[in-house]
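# Breakdown of the fold
If you want the building blocks of each chain, they are given just below.
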Amino acid sequence: MEVDSCDRWIVYHRLQQLDIPCICETHKPLEVQVSNPTAMIQLWSVTKQYSASRQELVDWLKDCWNFNKR
């Protein structure tokens, strides 16, 4: 997954808070170790916040809300 270099450190710190093993070095890609489905979903969610447009996030939230109303 591509994450802007400015957001990479924010993503790294959030993954650390979630106890997902990762390494973030200067001028290198963020490396993440995903060992279970929950960690994969958390990784997807965290990176989505920084890689998606505002409209994509709004649409995704609306879809989730509509799904839960069923």
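Anyway, here's the lowdown on the structure attached to this text. Here the structure is a predicted model, which means the values were calculated and not measured.

The next point concerns the environment of Ser51. Within the secondary structure, Ser51 sits in helix α2 (residues 37-51). Taking the C-alpha atoms as reference points, Ser51 and Ile41, 10 residues apart in sequence, are found 15 Å from one another.

Its 15 residues place the ends of α2 21 Å apart at the C-alpha level, agreeing with the 21 Å of an ideal helix rising 1.5 Å per residue. For α2, the complete set of buried residues consists of Ala39, Leu43, Val46 and Thr47. Mapping the buried residues of α2 onto a view down its axis gives an arc of 90°, with all of them on the same face. Exposed residues on α2 whose side chains face more than 90 degrees from its buried face are Pro37, Thr38 and Ile41. Looking at the buried residues of α2, the elements they touch are α1 (5-17) and β2 (31-32). For α2, the N-terminal capping position is held by Asn36, with its side-chain oxygen 3.1 Å away from the main-chain nitrogen of Thr38.

Structurally, Ser53 is set in the loop between α2 and α3 (54-69). Considered as a pair, Ser53 and Asp19 are 34 residues apart in the sequence and their alpha carbons are 26 Å apart.

A word on the packing of aromatic side chains. Under the counting rule described, the total for this entry stands at 2 aromatic pairs. Between Trp9 and Tyr12, the aromatic rings sit 5.8 Å apart at their centres with planes inclined by 80°, giving edge-to-face as the arrangement. On the criterion of helical spacing, the pair formed by Trp9 and Tyr12 is a turn pair, its members being 3 residues apart in helix α1. Overall, the relative accessible area of 34% leaves Trp9 in the partly exposed class.

Looking now at the side chain of Arg8. Structurally, Arg8 is set in helix α1. Not counting residues within four places of it along the chain, the set of residues in contact with Arg8 comprises Val3, Cys24, Glu25, Thr26, His27, Lys28, Pro29 and Leu30.

Moving on, we come to the environment of Asp63. Considering the arrangement of structural elements, one finds Asp63 in helix α3. The class for Asp63 is exposed, based on a relative accessible area of 52%. For the pair Asp63 and His27, spaced 36 residues apart in the sequence, the C-alpha separation amounts to 36 Å.

Rules and cut-offs
Residues numbered from 1 in each chain as written. Predicted model: local features only at pLDDT ≥ 70, side-chain atom pairs only at ≥ 80, totals over all residues. Heavy atoms only, no water. Helix = DSSP H or I, 4+ residues; strand = E, 2+ residues; numbered from the N terminus. Expected span 1.5 Å × (residues − 1). Buried < 20%, exposed > 50% of the residue type's maximum accessible area, 1.4 Å probe, protein only. Arc of directions from axis to C-beta. Contact = heavy atoms within 4.5 Å. Polar contact = N/O pair within 3.5 Å; in protein donor to acceptor, adjacent residues only side chain to side chain. Phe/Tyr/Trp six-rings, centres within 6.5 Å; stacked < 30°, edge-to-face > 60°.

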